[in-house]
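Here's the letter readout for the chains.
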Amino acid sequence: MSDTNLASSPLASLVREVRKTREYRKLTDAIPYTRYMGIGVENLAGEMLCRMAYAPKLIGNSLLPALHGGTLGALLESAAVFELLLQTDTGRVPKVISLTVDFLRSGKAQDTFAKALITRQGRRVANVRVEAWQDDRTRPIASAHALFLLAEP
Amino acid sequence: MSDFNLPEDKAGRLARCSVFYTDVVPHNHALGLKLVDIGPAEATVELPYADFLVGNPETGVLAGGAVTTLIDASCGSAVFLKLGRFAPLVTLDLRIDYLRPAQPGNTLTCVAECYRMTRQVAFVRALVHQGDTANPVASAQGTFMKLEE
């Protein structure tokens with residue numbers, strides 16, 4: 001926005017490019033952690049969703065088996081970050097201030113989806129709600145609300 | 001179910017709880033989490049800095065998701081220690097406040113304490129720091145539920 005440093009930032013120009021081209025993978029692969037976790041953004045039936053592709057390394061309980069609670073937190077937070085990067089004009093990775101996760105059902109050993117909704121966007125702070133599900137979108141397995149700082153004072 | 005009881009001595013308890021970081025929980029092992037100390041209801045877990053955990057490639061700051069996993073794992077261990085045995089647990093909720101950015105390159109240490117246990121619900125708080133507990137990176141509070149009884 002008003003920050004002139006953004007013009008020279010490689011990530012900011014990548015974000016601007018991806019907003020136009022919708023080649024989301026370029027962005028999610030540019031962040032080491034989301035690339036490692038298999039978290040990507042996809043356009044499914046005209047809607048921008050996040051997907052965490054199942055991999056054995058995401059398991060927290062081998063007996064059930066169930067996804068690690070931390071991986072669901074990671075998916076929810078990443079979905080909020082990508083929603084803010086792609087749907088607002090922020091040019092930096094937003095900084096999380098607080099994150100509250102409700103774990104509703106155990107995550108099965110399969111792909112998990114998430115959708116973030118920006119409930120309020122101010123100049124410096126954004127409030128985001130996120131839900132994650134697997135087979136049935138009406139039965140979420142985890143939800144979160146998070147606060148992000150969009151720019152340095 | 002007696003083999004799910006934790007040993008009485010500290011070294012034995014530390015060794016038994018460590019298998020959740022080395023063998024039993026693949027994601028703990030994948031991120032490089034290490035249980036380094038325990039108390040009667042406390043667990044101290046380290047997350048060494050690694051390039052694949054970076055969430056902001058411009059600053060090198062670790063992703064929040066990795067910190068969430070560190071806190072969730074530490075809190076679960078604190079509940080087992082308070083119980084004195086392994087029981088099936090689920091995380092009900094977890095709230096994390098990020099107090100300052102983590103310094104890139106440095107290990108994150110989480111100290112979790114199960115400060116209250118009822119018949120079914122365990123209440124846990126945790127602090128994440130990088131060597132100075134007076135200047136923490138994150139503060140967290142969570143609730144866990146026992147699946148048995």
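Residues numbered from 1 in each chain as written. Chains lettered and ligands numbered in written order. Predicted model: local features only at pLDDT ≥ 70, side-chain atom pairs only at ≥ 80, totals over all residues. Heavy atoms only, no water.

## Considering empty space enclosed by the protein
Residue and element names in this part refer to chain A.
Part 1 of the argument: Scanning all chains against the criterion turns up 1 cavity of 30 Å³ or more.
Part 2 of the argument: Within this model, the largest cavity holds a volume of roughly 50 Å³.
Part 3 of the argument: As for the largest cavity, its lining consists of Val41, Met48, Leu49, Cys50, Ala79, Phe82, Glu83, Ala114, Lys115 and Ala116.
Part 4 of the argument: Of all the secondary-structure elements, those providing two or more residues to the lining of the largest cavity are strand S2 (47-52), helix H4 (69-87) and strand S6 (112-121). (1 Å grid on protein atoms, 1.4 Å probe; cavity = no way out; pocket = protein on both sides within 12 Å on 5 of 7 lines; lining within 4 Å. Points joined across faces, edges and corners; volume = space filled by probe spheres on them. Helix = DSSP H or I, 4+ residues; strand = E, 2+ residues; numbered from the N terminus.)

## Regarding the sheet that holds strand S8 (residues 138-146) of chain B
Part 1 of the argument: Strand order in the open sheet formed by 12 strands is S1(A)-S2(A)-S6(A)-S7(A)-S8(A)-S5(A)-S5(B)-S8(B)-S7(B)-S6(B)-S2(B)-S1(B), with antiparallel pairing between adjacent strands. The sheet is open, and its two edges are formed by strand S1 (39-44) of chain A together with strand S1 (34-38) of chain B, each paired on a single side. Strand after strand, the sheet turns through a mean of 25° between neighbouring axes, direction not considered.
Part 2 of the argument: Strand direction decides the pairing type here: S1 of chain A and S2 of chain A, joined by 6 bridges, are antiparallel. Each residue of the ladder has a partner; that of Glu42 of chain A, found in S2 of chain A, is Leu49 of chain A.
Part 3 of the argument: On top of the sheet, H4 of chain A reaches S1, S2, strand S5 (95-103), S6, strand S7 (125-133) and strand S8 (142-149) of chain A together with strand S5 (89-98) of chain B; it is set at about 50° to S6 of chain A, its chief contact.
Part 4 of the argument: Sitting on the sheet, helix H3 (residues 64-83) of chain B is in contact with S5 of chain A together with S1, strand S2 (42-47), S5, strand S6 (108-117), strand S7 (121-129) and S8 of chain B, with an inclination near 40° to S6 of chain B. (Pairing = 2+ DSSP bridges. Axes fitted to C-alpha atoms, helices over the stretch in contact; angles between N-to-C directions. Contact = heavy atoms within 4.5 Å.)

## Description of the packing of helix H1 (residues 10-22) of chain B against H3 of chain B
Residues and elements named next belong to chain B.
Part 1 of the argument: At their nearest, the axes of H1 and H3 sit 11 Å apart, and the two run at 145° to each other. Considering how the two elements wind past one another, H1 and H3 form a crossing that is right-handed. Residues Arg13, Cys17, Phe20 and Tyr21 of H1 touch H3, and the partners they reach there are Ala73, Ser74, Ser77, Phe80 and Leu81.
Part 2 of the argument: Of the residues in the contact of H1 with H3, the class split is 6 nonpolar, 2 polar and 1 charged. (Left-handed = near helix turned anticlockwise from the far one by under 90°. Nonpolar A, V, L, I, M, F, W, Y, C, P; charged D, E, K, R; others polar.)

## Looking at H4 of chain A
Part 1 of the argument: The terminal C-alpha atoms of H4 of chain A, which comprises 19 residues, lie 27 Å apart, in line with the 27 Å expected from a rise of 1.5 Å per residue.
Part 2 of the argument: Among the 19 residues that make up H4 of chain A, 18 are buried, leaving the element largely enclosed by the rest of the structure. (Expected span 1.5 Å × (residues − 1). Buried < 20%, exposed > 50% of the residue type's maximum accessible area, 1.4 Å probe, protein only.)

## Looking at the layout of surface pockets
Part 1 of the argument: The computed volume of the largest pocket comes to approximately 1000 Å³.
Part 2 of the argument: Surrounding the largest pocket, 37 residues form its lining, Gly60 and Asn61 of chain A together with Phe20, Phe80 and Leu89 of chain B being those nearest its centre.
Part 3 of the argument: Taken together, the elements giving at least two residues each to the lining of the largest pocket come down to strand S3 (59-61), strand S4 (66-67) and H4 of chain A together with H1, H3 and S5 of chain B.
Part 4 of the argument: For the lining of the largest pocket, the leading source of residues is H3 of chain B, giving 5 residues.

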